[in-house]
Amino acid sequence: MSKQTGRCLCGATHYEISEEPIITAACHCTHCQKATGSAYSLNICVPESGFSIKGNTLRSYVDKGDSGLALKRFFCHQCGSPLYTQADAMPGIMIVKAGTLDDTSEFKPAANIWCDSKMEWLKHEQQMLDFEKMPPS
């Protein structure tokens with residue numbers, strides 16, 4: 001993955017990743033499910049030195065990880081987009097939300113984590129219908 005850029009939904013806050021990821025992962029923990037409103041969070045862990053953010057709409061929420069240490073979740077207060085997390089258990093690492101990348105074509109998670117709380121429908125291979133856009137009514 002080369003240099004990447006990303007932004008929140010409204011575009012008020014944007015970032016740049018200038019270093020290679022340490023790991024990419026889909027996190028299935030219940031906190032990520034609640035924070036994203038989805039089945040999992042797609043994450044790119046990068047060194048703090050390789051992450052820069054611009055914009056003045058950031059707010060944060062301090063959560064507690066399984067380690068008992070703080071997880072600082074940063075999001076745009078205008079549009080609500082979750083952008084990145086800093087975990088006290090992982091100093092110097094930025095956990096960037098892959099869904100906010102401007103170009104997701106190179107992103108692929110290398111691991112699934114917290115699979116013990118993975119949603120049941122994801123635990124089993126299932127055939128699903130795929131639609132390019134909204135399905136016809």
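Residues numbered from 1 in each chain as written. Predicted model: local features only at pLDDT ≥ 70, side-chain atom pairs only at ≥ 80, totals over all residues. Heavy atoms only, no water.

Enquirer: Is there a simple way to think about the overall build of the chain in this case?
Expert: Secondary structure summary: the chain contains 2 helices and 10 strands in total. Tracing the chain from N to C terminus, the helices and strands come up as β-β-β-α-β-β-β-β-β-β-β-α. Over its C-alpha trace the chain gives a radius of gyration of 15 Å, about what one expects of a compact globule, namely 14 Å for 137 residues. Once the C-alpha set of the chain is aligned to its principal axes, its extents read approximately 40 × 35 × 30 Å. Within the chain, the fraction of its 137 residues that count as buried is 34%. Long-range pairs, those at least 24 residues apart, make up 57% of the contacts in the chain with a sequence separation of at least 6. Total accessible area computed for the chain in this model is approximately 8,600 Å², and 52% of it derives from carbon and sulfur atoms. Separation of charge centres in the chain, based on 13 positive and 15 negative side chains, amounts to 6 Å. (Helix = DSSP H or I, 4+ residues; strand = E, 2+ residues; numbered from the N terminus. Rg over C-alpha atoms; globule rule 2.2 N^0.38 Å. Buried < 20%, exposed > 50% of the residue type's maximum accessible area, 1.4 Å probe, protein only. Contact = heavy atoms within 4.5 Å. Areas by Shrake-Rupley, 256 points an atom, 1.4 Å probe, with all protein chains shown as cover. Lys, Arg positive; Asp, Glu negative; His and termini not counted. Charge placed at Lys NZ, Arg CZ, Asp CG, Glu CD.)

Enquirer: Please clarify how the nonpolar core should be interpreted in this entry.
Expert: Side chains that are nonpolar tend, in soluble globular proteins, to be buried together. With 15 residues, the main nonpolar core has Ile17, Ile44, Phe51 and Val96 as its most contacted residues. Elements with a contribution of two residues or more to this core: β2 (14-17), β4 (41-47), β7 (70-76), β8 (82-87) and β9 (93-97). Every residue in contact with Val96, bar those within four places of it in the chain, is listed here: Tyr15, Ile17, Leu42, Asn43, Ile44, Val46, Phe51, Leu83 and Tyr84. In this structure, Cys45, Leu71, Ala87 and Ile93 belong to the second largest nonpolar core, which totals 5 residues. (Core = buried A, V, L, I, M, F, W, Y, C linked by side-chain atoms within 4.5 Å.)

Enquirer: Would you take a moment to explain the sheet that holds β7 for this structure?
Expert: The pairing of strands in a sheet happens through backbone hydrogen bonds and is either parallel or antiparallel. The strand order across the open sheet formed by 7 strands is β6-β7-β8-β9-β4-β3-β10, and the pairing between neighbours is mixed. One side of each edge strand has no neighbouring strand; the edge strands of this open sheet are β6 (58-64) and β10 (111-113). Put simply, the sheet's adjacent strands are angled 30° from each other on average, direction ignored. As judged from the 5 bridges shared by strand β3 (residues 23-27) and β4, these two strands associate in the antiparallel manner. If you follow Ile23 over to β4, its bridge partner there is Cys45. (Pairing = 2+ DSSP bridges. Axes fitted to C-alpha atoms, helices over the stretch in contact; angles between N-to-C directions.)

Enquirer: Any chance you could explain the pattern of salt bridges here in plain terms?
Expert: It is possible for side chains bearing opposite charge to pair when their charged atoms get close. Inspection of every chain in the model, using the stated rule, returns 5 salt bridges. Put simply, Arg73 and Asp63 hold a salt bridge, and the shortest N to O gap is 3.1 Å. One end of the pair, Arg73, is in strand β7; the other, Asp63, is in strand β6, with 10 residues separating them in the sequence. Note on accessibility: Arg73 and Asp63 belong to one class, buried. (Salt bridge = Lys/Arg side-chain N within 4 Å of Asp/Glu carboxyl O.)

Enquirer: Mind showing me how you'd approach the state of the cysteines here?
Expert: By definition, a disulfide links the sulfur atoms of two cysteines through a covalent bond. The final tally for this structure, using the stated rule, is 0 disulfides. Counting only cysteine sulfurs, Cys29 is the nearest neighbor of Cys27, a cysteine outside any disulfide, at a range of 3.6 Å. (Disulfide = S-S within 2.5 Å.)

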